[in-house]
Amino acid sequence: MGKLLVLTVLITIVGIATWCALPMLLPQSPPQLDANEWWGPMDMKGKVDASIKPFQVKFTEEMIKDLKNRLQNKRQLVPPLEGIGFEYGFNSKEIEPWAKYWSEEYKFGDREKFLNKFPQYKTNIQGLNIHFIRVKPQVQPGVTVVPLLLMHGWPGSVREFYEAIPLLTKPVSGYDFAFEVIVPSLPGYGFSDAAVRPGLGSAQIGVIFKNLMNRLGHKKFYIQGGDWGAIIASQMATMFQNDILGMHSNMLIVQTGCSTLKILVGALFPSLIVESHLADRMYPLWKYFSYLMEEFGYMHLQATKPDTVGVALSDSPTGLLSYILEKFSSWTRFEHRTLVNGGLTFRFSKDQLIDNLMVYWASNSITTSMRLYAENMSNKNRALDIDKFSTSVPAWALQAKNELFYQPPNILKHKYSNLLGVTVLDDGGHFIAFEMPKVFADDVFKAVKLFRDFHKTKTEL
Amino acid sequence: MHIEYVPSTLVWGVELGGGDKQGSKGERHAICKVITIVGAVVVAVLFYKFYSSFLATPDLPEFDLNVWWGRNTSNGQDTSIRPYRILFSDSMQENLRRKMEAYRRATRVKSLEDDSTYGINYDVLGQIFAHWQFKYKYGSRVKYLNQYNHYITNVQGLDIHFMRIKPKNTENLKVVPLLLIHGWPSSVRDFYGIIPLLTSAKPEYNFVFEVIAPSLPGFAFSQAPVRPGLTTYQMAIVLRNLMERIGHKQFYVHGGDIGHAIGSHIATLFPNQVLGFHSSTPVNPSKLAHLTLMLGAICPKCVANDLVDKIYPYTDKLQFYLEESGYLHLQSTKPDTVGIALQDSPLGLASYIIEKYLLFTDPANKYTHDGGLSAFNVTDLMDNVLIYWSTGSITTSLRLYKESILNYEMEETLSSIPTSVPTWGLRTKYDLIQQPDFILRWKYPNLVRTTNLDVGGHFAAFEKPVEVSSDIFEAVKFFSTMKK
């Protein structure tokens, strides 16, 4: 009887070890998606060209007038409960000052000009007119221009990168390169068209963005992303390993069977998994899960019924404001949930936050932006299981203190075999490029230098 | 793979050292036996402790029956019962008209599919919009809503609204008080169909009902609390205090959805005051019930009998709950955020509420082109939306979900305490959570009967007033024959 037990235990251990080692032992090919899948109206197929047209953000008089009417004619709101900050969500006491600022002090003309400060364009990829910013650096001879694709997430937009773009497109001493940045709006977000049929998940967006980069003349390029941008980046780095030169992510997470097992083991023995001063970013597990439950109601709703809540958010600017800014509050610092003003202007100015809201409002894209959650949760897209495939693309993680997820390098390496390193910050939150543009830009430069060295070493071997 | 053979003597760290490595066969077997028995006993004890922690009946906690939920004021409490009339003011109507005429942004997005799998279908939304804009007549609807007598009285600091309908012809009939408790996203409007049936004599019964139908605190015409803590069992206390204020120390209770949860708490906290409890969504929400149904997947027929198709396969059910509970998750965590949007957008509010009426009356509606709208009189649905809209009470109604989560432990404790109150369950064909009688009996040991309708969904009283009111009559007839 004892023999049987020992045998069972040994076989189980060996089985798990084999299962974990399998991805490295057997050749694994991530799925190849159709590079020509059509997302636009069928009657446009074959009728669009590959031209790149300049684009300007426009806040029309009609839109501004209507927006101000809605802001000024909002109905009286229910006051928050006594003693509550942002624990029940956006504190309604803050709506009046924000609505007043938006309708009376926000300078639509100036802000429109600001949003147009970078050259931007639209081009049709797979049936969708994709909006993007493109800034080329002015460089001296001897400085290489490297292409960098920056991808935003939800509820962000290209606006998140406006402070970082000038820092990335200027030569920096100590580096022999500078970036040409391409910053698209995700399909269904901002000024990019939305798909007219189901199926456009993050992996499919990765295909669209690769096609975009190719159209702009870049066969190989670097990528950077946070939030959905990080997920798209991770999937691009998996699907196009020969074309992605390096990936910088500020929300790097790995989800394989093995990494999950390790995280569970670490619940009992954290020191096996994570350095002690960082352990509280992932343990204790019960605390971490209750935090996720507290914060992810929106995700659960958007992954199942985006169109229902989208009606209210398209119709009410204060509704849109509260729904979106709630994230800029609690995802920048956890402690902001106890504040009556949500700590919103702790690192962001009112104009910055409203600029981002205007991208959603002016384009009426909140509903289509939320559909991305439903698409990724679809059985079809989950079956692709791209996350389980590892990639040899060199990677770097920027890990802010208040980011939603933290995983230590030994777990990240399960997917990113060439994870060259991580930067752990003891400050900053989810919207790190927006919140700390200098720290962000410095880190991107540092990472890409290491990526370039990595490739030089490879070719020299 | 090289697998090493490890002798059994070393398995448990017990080395039979000494000269004769074999040892006596008997000795080895004896030790194995002892260790196995000890191990089995340990596992059994642990399992028993785990399971019995669910089985143990906690003591009924003591509750403060006079918690003040309103603003702190030095004025005395006005305990009078004042008449009340619902108003759809001109300014509200004008505001709505302007909002509807505004640049129709929400209706410009197209649905991805010809059904409601992403949420409300935008063609259906267009129909609702058109009906509201062109067909809904505020004047006649408010008259309809005021056909019953409405009142307000202050209970524990909150002005609580209720309707009170006394039966007209009571010759030779006993008049019994019946408290009707609505749920979310419903209102007293759900009961407008059953009220005339309940307050009219039926030849087979020697009694008839006086109906009291309040709006829950924070819903519709009832005030909302100013501080956290007003969860379902606190509402049970408020409603029982309301009944006493009206003059009823003993009464029958009917409820569905949250109305079931509150009714259940009233029956648990005040068993001597509830003469009988009729539920149109009979559910035992305790962990034990869930665990048993989950384990029951081993033999679904053993556990569920005729209800087997409504409970199993369990994984299918779980997936359904996961897909449908996004709103629950959001409201239980950030009610005020989405509330701000729903209070400002009439179409947004209508979508949010009507989506539930369409989905929870028949889950197949998710896949139909019209989402199930054609089964309804849209005016009836709009009445309920207007009640939420005109009172601006959507946000406070959502907060109840967060209060329940914050007070989850007490909710769980109460759900594990059985109540001796005679209980009757009505199950509709499509209701969301169905449990076999034996599980209900853990909470309601005096479960007299369960009726199984082969029609209807979650909003039973609203959808099937004839069947529900008949069932209530039958239940109360039975209740009244039981010795208290």
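Heads up: these notes are all about the structure in this document.

How each quantity is defined
Residues numbered from 1 in each chain as written. Chains lettered and ligands numbered in written order. Predicted model: local features only at pLDDT ≥ 70, side-chain atom pairs only at ≥ 80, totals over all residues. Heavy atoms only, no water. Helix = DSSP H or I, 4+ residues; strand = E, 2+ residues; numbered from the N terminus. Rg over C-alpha atoms; globule rule 2.2 N^0.38 Å. Buried < 20%, exposed > 50% of the residue type's maximum accessible area, 1.4 Å probe, protein only. Contact = heavy atoms within 4.5 Å. Areas by Shrake-Rupley, 256 points an atom, 1.4 Å probe, with all protein chains shown as cover. Phe/Tyr/Trp six-rings, centres within 6.5 Å; stacked < 30°, edge-to-face > 60°. Lys NZ or Arg CZ within 6 Å of the ring centre and 35° of its normal. Salt bridge = Lys/Arg side-chain N within 4 Å of Asp/Glu carboxyl O. Arc of directions from axis to C-beta. Disulfide = S-S within 2.5 Å. Buried area = accessible area lost by both parts, 1.4 Å probe. Polar contact = N/O pair within 3.5 Å; in protein donor to acceptor, adjacent residues only side chain to side chain. Nonpolar A, V, L, I, M, F, W, Y, C, P; charged D, E, K, R; others polar. Pairing = 2+ DSSP bridges. Axes fitted to C-alpha atoms, helices over the stretch in contact; angles between N-to-C directions. Core = buried A, V, L, I, M, F, W, Y, C linked by side-chain atoms within 4.5 Å.

From N to C terminus, chain A includes 19 helices and nine strands. For a compact globule of 461 residues, the expected C-alpha radius of gyration is about 23 Å, and chain A comes in at 23 Å, within 12% of that figure. Taking all 461 residues of chain A together, the buried fraction comes to 59%. Counted over contacts in chain A with a minimum sequence separation of 6, partners at least 24 positions apart contribute 81%. Accessible surface for chain A amounts to roughly 18,500 Å². Of this, 59% is attributable to carbon and sulfur atoms.

This part is about the packing of aromatic side chains. The full count for this structure, using the stated rule, is 57 aromatic pairs over all chains. A centroid spacing of 5.0 Å and a plane angle of 80 degrees characterise the contact between A:Trp228 and A:Tyr373, whose relative ring orientation is edge-to-face. Here A:Trp228, found in helix H7 (residues 228-239), pairs with A:Tyr373, found in helix H15 (residues 366-377); they are 145 residues apart in sequence, far enough to count as distant. Both residues of the pair, A:Trp228 and A:Tyr373, count as buried. Geometrically, the ring pair formed by A:Trp331 and A:Phe431 is stacked, given 6.1 Å between the ring centres and 20 degrees between the ring planes. With A:Trp331 in the loop between helix H13 (317-330) and helix H14 (350-363) and A:Phe431 in the loop between strand E9 (419-424) and helix H18 (432-435), this residue pair connects regions lying 100 residues apart in the sequence. Across the pair, A:Phe431 and A:Trp331 agree in class, each one buried. Linked through ring pairs, A:Trp154, A:Trp228, A:Phe296, A:Tyr298, A:Tyr323, A:Phe328, A:Trp331, A:Phe348, A:Tyr373, A:Phe405, A:Phe431 and A:Phe434 together constitute an aromatic cluster. Lying over the aromatic face of A:Tyr406, A:Arg281 brings its terminal NZ or CZ to 5.8 Å of the ring centre. The ring centre of A:Tyr88 lies 5.3 Å from the NZ or CZ of B:Lys402, which sits over that ring.

Our focus in this paragraph is the side chain of A:Ser329. In this structure, A:Ser329 sits in helix H13. When sequence neighbours within four positions are dropped, the list of residues in contact with A:Ser329 reads A:Phe86, A:His336, A:Gly342 and A:Leu344.

Below, the discussion takes up the pattern of salt bridges. Residue and element names in this part refer to chain A. Applying the stated criterion across every chain, the model contains 43 salt bridges over all chains. Note that Lys74 is salt-bridged to Glu96, the shortest N-O span being 3.1 Å. In this pair, Lys74 sits in the loop between helix H2 (61-72) and helix H3 (95-105) while Glu96 sits in helix H3, placing the two residues 22 residues apart along the sequence. Take Glu96: its relative accessible area is 42%, and that puts it in the partly exposed class. Through salt bridges with shared partners, a single network forms among Arg111, Arg159, Glu163 and Asp355.

All names here are of chain A. Regarding helix H10 (residues 285-295), the residues found buried are Leu285, Tyr288, Tyr291, Leu292 and Glu295. End-on, the buried residues of H10 take up no more than an arc of 125 degrees, which puts them together on one face. Turned more than 90 degrees off the buried face of H10, the exposed positions are Trp286, Lys287 and Met293. On the buried face of H10, the contacting elements are helix H8 (257-268), helix H11 (297-302) and H13.

Turning next to the state of the cysteines. Residues and elements named next belong to chain B. Throughout the structure, instances matching the rule amount to one disulfide over all chains. In this model Cys299 forms its disulfide with Cys302; the gap between the sulfur atoms is 1.6 Å. Its torsion about the S-S bond being 70 degrees, the disulfide of Cys299 and Cys302 is classed as right-handed. Looking at Cys302, the relative accessible area reads 55%, which means it is exposed.

Let us look at the interface of chain B and chain A. At the junction of the two partners, chain B supplies 68 residues and chain A supplies 69 residues. Here chain B and chain A share an interface that buries about 5,700 Å² over both sides, 58% of which is from carbon and sulfur atoms. Joining chain B to chain A, the criterion identifies four salt bridges. Two residues, A:Glu82 and B:Arg227, come together in a salt bridge whose shortest N-O distance is 3.2 Å. Applying the counting criterion to the chain B and chain A interface returns 28 residue pairs in polar contact (both at pLDDT 80 or more). For the side of chain B that touches chain A, the secondary structure elements donating two or more residues are helix H3 (90-101), helix H4 (122-135), helix H12 (314-324), helix H13 (326-331), helix H14 (335-344), helix H15 (346-361) and helix H17 (394-406) of chain B. Top contributing element to the side of chain B that touches chain A by residue count: H14(B), with nine residues. Of the residues belonging to the side of chain B that touches chain A, the class tally is 32 nonpolar, 17 polar and 19 charged.

On to the sheet that holds strand E4 (residues 174-181) of chain B. Residues and elements named next belong to chain B. Read from one edge of the open sheet, nine strands run E1-E2-E3-E5-E4-E6-E7-E8-E9, paired in mixed fashion. The open sheet has two free edges, formed respectively by strand E1 (81-84) and strand E9 (447-452), since each of these has just one partner strand. When strand polarity is set aside, the average angle formed by the axes of neighbouring strands in this sheet is 25 degrees. Summarising the sheet, E1 and strand E2 (residues 150-155) pair through four bridges and their orientation is antiparallel. Across the sheet, Pro83 pairs through a bridge with Tyr151, a residue of E2. Across the face of the sheet, helix H21 (residues 465-481) comes into contact with E4, strand E5 (207-214), strand E6 (251-255), strand E7 (274-279), strand E8 (423-427) and E9 while running at roughly 160 degrees to E8.

Right, let's talk about the sheet that holds strand E7 (residues 244-249) of chain A for a bit. Residue and element names in this part refer to chain A. Read from one edge to the other, the open sheet built from nine strands follows the order E1-E2-E3-E5-E4-E6-E7-E8-E9, with strand pairing classed as mixed. Every interior strand has two partners, whereas the edge strands, strand E1 (52-55) and E9, have only one. Averaged over all neighbouring strand pairs, the angle between strand axes comes to 25 degrees, with direction disregarded. Strand direction decides the pairing type here: E1 and strand E2 (residues 120-125), joined by four bridges, are antiparallel. For Ile52, the partnering residue across the bridge sits in E2 and is Thr123. Docked against the sheet, helix H19 (residues 437-460) engages strand E4 (144-151), strand E5 (177-184), strand E6 (221-225), E7, strand E8 (395-399) and E9, running at close to 150 degrees with respect to E7.

All names here are of chain A. Checked against the element boundaries, Gln352 lands in helix H14. For Gln352, a relative accessible area of 11% gives the class buried. Apart from the residues lying within four places of it in its own chain, the contact partners of Gln352 are Arg159, Glu163, Arg347 and Phe434.

A few words on the nonpolar core. The nonpolar side chains of a soluble globular protein tend to be buried with one another. Ranked by size, the top nonpolar core spans 250 residues in total, and within it A:Leu168 and A:Phe209 carry the most contacts. For this core, the leading source of residues is H15(B), giving ten residues. Setting aside anything within four residues of it in sequence, one finds A:Leu168 in contact with A:Leu148, A:Leu150, A:Ala178, A:Phe179, A:Val181, A:Phe440, A:Ala441, A:Val444 and A:Phe445.

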